[in-house]
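Tertiary structure, described
The lines below spell out each chain.
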Amino acid sequence: MKLVLFNEGRPGVLTDRGVVDATAVVAPYAPRTPHESMQAIITNWDAVKGALGTLAASGDALPLASVRLLAPLPEPRKIMCMGANYKENGTRPVSPMWGFLKNPEGVIGPGDTLVLPKFDANVFHHEPELVVVIGKQGKDIGQADAMSYVFGYTCVNDVTALEMLHADASFAQWTRCKSMDGFTPFGPWIETELDLSQAQVVARVNGRERQNYPVSDMFFSPLELVSRLSRDVTLQPGDLISCGTSLGAMPWQVGATVEVAVEGIGVLSNTLQAQG
């Protein structure tokens, strides 16, 4: 099931016919914000899944082109990101799992324009990635049980101010170079069912393919990441785990549109704009 936030923040289900408004299903949980609407679906999934399925099958639908999609979780509590997690056709040596956190306030949605902040940097990279959305609280999760903690999946463009990363030779600025306003476009929706064995991650710049790699090429699979990260921190519903990127991350030029596509999910599209 594809779950969206749209227009002024209404929850919905994307079907072959378009977007079906799910506000009535979420209303009993009294959400005050768009984020709380999606959070209510995640935390009460067993209770609302049937009603959402019925809506998807027979509810009135708005054409997808007629609505504005928002980031499906506009205010995530945690965005945990992996580095060097792909084998890159066997060219990358095995390394310990490592990662970083991104600023949750850097989130923008599908179709939004990323307006660069004012600072001295000229090279910005696009990095298309698969994201795991956590469905329930968990700590010290065994890998065999990890799937029961996964709510679904979405796409992210892990934007990086590359020059800032190594501006200080004594300390890599991973968090700062990836956490500026707008540096975490994600969406276009949450997909609750995905065959990871067949999924491909693709990046296109102005329609030209720049990256194309299989999710199955990870050193640490999504379920292993859920298990390992839960040893360090308590995972909460709506937390995001971005699984890393592979070969081909390239500079993102001002004015260019980057599409991040994950087979089985959808396409996230954003355009880069200089500060006015």
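Notes on the structure in this doc start here.

Conventions we followed
- Residues numbered from 1 in each chain as written.
- Predicted model: local features only at pLDDT ≥ 70, side-chain atom pairs only at ≥ 80, totals over all residues.
- Heavy atoms only, no water.
- Core = buried A, V, L, I, M, F, W, Y, C linked by side-chain atoms within 4.5 Å.
- Buried < 20%, exposed > 50% of the residue type's maximum accessible area, 1.4 Å probe, protein only.
- Contact = heavy atoms within 4.5 Å.
- 1 Å grid on protein atoms, 1.4 Å probe; cavity = no way out; pocket = protein on both sides within 12 Å on 5 of 7 lines; lining within 4 Å.
- Points joined across faces, edges and corners; volume = space filled by probe spheres on them.
- Helix = DSSP H or I, 4+ residues; strand = E, 2+ residues; numbered from the N terminus.
- Nonpolar A, V, L, I, M, F, W, Y, C, P; charged D, E, K, R; others polar.
- Pairing = 2+ DSSP bridges.
- Axes fitted to C-alpha atoms, helices over the stretch in contact; angles between N-to-C directions.
- Phe/Tyr/Trp six-rings, centres within 6.5 Å; stacked < 30°, edge-to-face > 60°.
- Lys NZ or Arg CZ within 6 Å of the ring centre and 35° of its normal.

**Here we look at the nonpolar core**
Grouped together as the largest cluster of nonpolar side chains are 56 residues, with contacts concentrated most on L130 and V226. Residues in contact with V226, not counting those within four places in the same chain, are V132, I134, I141, A146, Y149, V150, L235 and I241. By size, the runner-up hydrophobic cluster in this structure holds 28 residues, among which are A22, V25, I42 and A71.

**Brief notes about the layout of surface pockets**
A volume near 310 Å³ is recorded for the largest pocket. What lines the largest pocket is a set of 23 residues, and nearest its centre among them are A84, R92, E127, W174 and T245. Breaking the lining of the largest pocket down by element, the ones donating at least two residues are β6 (79-83), β7 (98-101), α4 (162-165) and α5 (174-178). Here the lining of the largest pocket is composed, by residue class, of nine nonpolar, eight polar and six charged. The calculated volume of the second largest pocket comes to roughly 230 Å³. Along its surface, the second largest pocket is lined by I42, T43, W45, D46, K49, G135, K136, S148, V150, F151, T192 and E193. Broken down by secondary-structure element, the contributors of at least two residues to the lining of the second largest pocket are α2 (34-43), α3 (45-58) and β12 (150-157). If you tally residues by element for the lining of the second largest pocket, the top one is α3, at three residues. Considering only residue class, the lining of the second largest pocket consists of four nonpolar, four polar and four charged.

**What to know about the sheet that holds strand β19 (residues 266-273)**
Strands sit in the order β9-β19-β18-β15-β16 across an open sheet of five strands; the sheet is mixed. Edge positions in the sheet fall to β9 (113-115) and β16 (208-214), since each has one partner strand and no second. With strand direction ignored, the average angle separating the axes of adjacent strands in the sheet is 20°. Across three bridges, the pairing between β9 and β19 is parallel. The partner of L114 across the bridge, within β19, is L272.

**Regarding the pairing of strand β15 (residues 200-205)**
Pairing between β15 and β16: six bridges, direction antiparallel. When the bridges of β16 are listed, V201 appears paired with Y213. Adjacent in sequence and paired antiparallel, β15 and β16 are bridged by two residues, among which N206 carries a positive phi angle near 50°.

**A closer look at the packing of aromatic side chains**
Considering all chains together, one arrives at five aromatic pairs under this definition. Aromatic pair F100 and W174: ring centres 5.6 Å apart, planes at 15°, arrangement stacked. Here the residue F100 occupies a position in strand β7, and W174 occupies one in helix α5, the gap between them amounting to 74 residues. Three or more aromatic residues link up through ring pairs in this structure, and these residues are W98, F100 and W174. One residue, K136, lies across the ring of Y149, its end atom 4.6 Å from the ring centre.

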